[in-house]
Amino acid sequence: MGIENWSPLKRGIVLVVLTVGFLLLYSYVMQKWFPPPPVPTPGTPPPSASATQASAPSAGESEEAWPSSPIAAERLQTFHVRTQVFDITVTNQGGYPTSWKLLRYKGLQGQPLELIPQYVSAWRPLRILDADGRPIERLDKALHRTDLETLPDGSIQLTLEYADDVDWVRKQMVFRPDAYQVDLRVLYRSRSTSGTRFYLVWAPGLEHSTAKERKAAGWSFHAVSGLYRDDKARGVGRKKDLHDVREGLHARWVGLHSNYFLVAFLAPDATTLPGALFSTHVLGAPPGQKWPDPPPADLEENLDVLMVLGVPFRPGTLARWTLYAGPKDLEVLTAVEPTLGEAIQYGMFGFIAKGLLTVLKFCYRLIPNYGVAIILATLLVRLLLWPLSHRMFINSEKMKTVQPKIKALQEKYKGIPLRDPRRQKMNEELMRIYREHGVNPMSGCLPLLLQLPILFAFYSLLSVSIELRQAPFLFWIRDLSRPDPYLITPILMGITMILQQKLTPTTMDPTQQRLGYLMSGLFIFMFMNAQSGLVLYWLFSNVFSIAQQYLYHRFYFRTPSTEPARRQRLKATQAG
């Protein structure tokens, strides 16, 4: 049985499968064999051999003799470390940062974005926990001696050290001038605390403000844990209290992340992390208490979560990591560590989303406005789908010629129930009409079906891409990652859908057409809370489709036989 004998439905299904397969294969090939070159973080000098040797722990470092005299500060002090990307406040009591701001990103109030949640003063990053994941209170109260030094390459080195008869701890952080990664070195010994391992942690989570602000900004309820293993970024849920020590992790990194920002501990050089501590629980609730089920209506307003991420190290040896604290920017992440880009969850159609992000950035370089870039990318998508659209419009014109026959057939079988056997005969006659005139009833659905993966990819892209965060478009749209505050674009999108339906010939009866108009109205409500960038894509996709229909009817479908009649009608109109 040849292809010419296939039914229009079968041909349509095969065409959909082949087209989707081509798009998937094209995206995979472009990402696999033609990836964008990694962009190094500006101002980050390449590691030299001497620097590499200096970062490697030597036997002398790991076997240093206990200090002969106590090391401590005389009074409580705070220190500021400011680079081109960070503004960090560190206290010498406990030896950890109390504030970690990103200078190139703003919060809701227009101030530099704070990474460390300020609502839990008892927990701060770079704290040392014992083998059971419990704080060591005497270290938290100790006044560390602090040394702040600017290195020849412009980096800032901060050293915090404390020693007495029981504990000896030294933390060293090297901040590069224009980079989001920090070199960490930690040495800890104890004569009273038993255990073969300790944990250096980041807590209590990421960028928490009030629940109202979190909801307004579109952030997740709280940062979730993620790790890279087996070529995938895996998450740790938050549905109940969790205290999980992962052994044999063999991960390149572990981290806490929100929609747009990430804090991650990376293993040094090409090694892997042997394990990690993940802990989450409701603040003020006893350990082990599960999340309420069903959750109360005021859950977002009155429930906060403590997130703890820890990396293990052995006492008495110099432990090293690279700490990344910054945006989930794909180019920046992959420049730090190729696998770190997996922290950005683009969803099921991630390969398409990454391709769209490349196109968006290219368009942004042409016109530095991401709203305009979305419109240009939409135009490119329409050009990519042009062959299918062409077939759809040709089929629509053929549909006009058979429209009287179809209406006569529908009138002939009017009032017959759907389950009546005569309905089958009606469908057979309808398919015969389609075959005689070369009409494919599925061609009108193909462009929409092929746009769905792109729509889902755009949705994921706009949800997690830092480039779209707080990116303005025009006038009232000041943030493409948030909904249109005045609902103007969703309403225009619904109007264009109705107009497009009116311009497209159809065999649907009036009841089905009214249902189609109702669906267009439902789309308005569905997109009311969608990101304005996503609505912008769908709106201009409809606009370009309508323009394409107009051009086809204005130029392509004009035939010599119809020109004289058209000119006569025009003269008659002018004479009248």
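Rules used in this analysis
Residues numbered from 1 in each chain as written. Predicted model: local features only at pLDDT ≥ 70, side-chain atom pairs only at ≥ 80, totals over all residues. Heavy atoms only, no water. Salt bridge = Lys/Arg side-chain N within 4 Å of Asp/Glu carboxyl O. Buried < 20%, exposed > 50% of the residue type's maximum accessible area, 1.4 Å probe, protein only. Pairing = 2+ DSSP bridges. Helix = DSSP H or I, 4+ residues; strand = E, 2+ residues; numbered from the N terminus. Axes fitted to C-alpha atoms, helices over the stretch in contact; angles between N-to-C directions. Polar contact = N/O pair within 3.5 Å; in protein donor to acceptor, adjacent residues only side chain to side chain. Contact = heavy atoms within 4.5 Å.

Applying the stated rule across the entire model yields 13 salt bridges. Between D87 and R82 there is a salt bridge; the shortest N-O distance is 3.3 Å. On the basis of relative accessibility, which here comes to 18%, the residue D87 falls in the buried class. With relative accessibility at 54%, the residue R82 sits in the exposed group. When the shortest N-O distance is used, the salt bridge between R134 and D130 registers 3.4 Å. Relative accessible area serves as the criterion here: at 48%, R134 is assigned to the partly exposed category. By relative accessible area, D130 is classed as buried at 12%. Three or more residues joined by partner-sharing salt bridges are found here, namely D130, D132 and R134.

It is worth spelling out the sheet that holds strand β2 (residues 86-91) at this point. The 4 strands lie next to each other as β1-β2-β3-β4, forming an open sheet whose pairing is antiparallel. The two strands at the open ends of the sheet, each matched to only one other strand, are β1 (78-82) and β4 (112-114). Going across the sheet, the axis of each strand differs from the next one's by a mean of 25°, ignoring polarity. Two elements, β1 and β2, share 5 bridges in a ladder whose sense is antiparallel. Looking at β2, one finds that V81 is bridged to I88.

Right, let's get into the side chain of T83. Looking at the element boundaries, T83 is found in the loop between β1 and β2. Only 3.2 Å separates the side chain of T83 from the backbone nitrogen of V85, close enough to count as a polar contact. At 3.0 Å, the side chain of T83 forms a polar contact with the backbone nitrogen of F86. Excluding residues within four positions of it along the chain, T83 makes contact with L103, I156, F175, R176 and P177.

Moving on, we come to unusual backbone geometry. For the bond from A203 to P204, the omega torsion is 15°, close enough to zero to count as cis. Structurally, the position occupied by P204 is in the loop between β10 (198-202) and α5 (211-217). We note that F475 has phi near 50°; this positive angle belongs to a residue other than glycine.

Two elements, β2 and strand β3 (residues 96-106), share 6 bridges in a ladder whose sense is antiparallel. If you follow V90 over to β3, its bridge partner there is P97. Counting the residues that bridge the hairpin from β2 to β3 gives 4 residues, and of these G94 lies at a positive phi of roughly 95°. Between β3 and β4, which pair antiparallel and follow one another directly, the connecting turn spans 5 residues, one of which, G110, has a positive phi of 85°.

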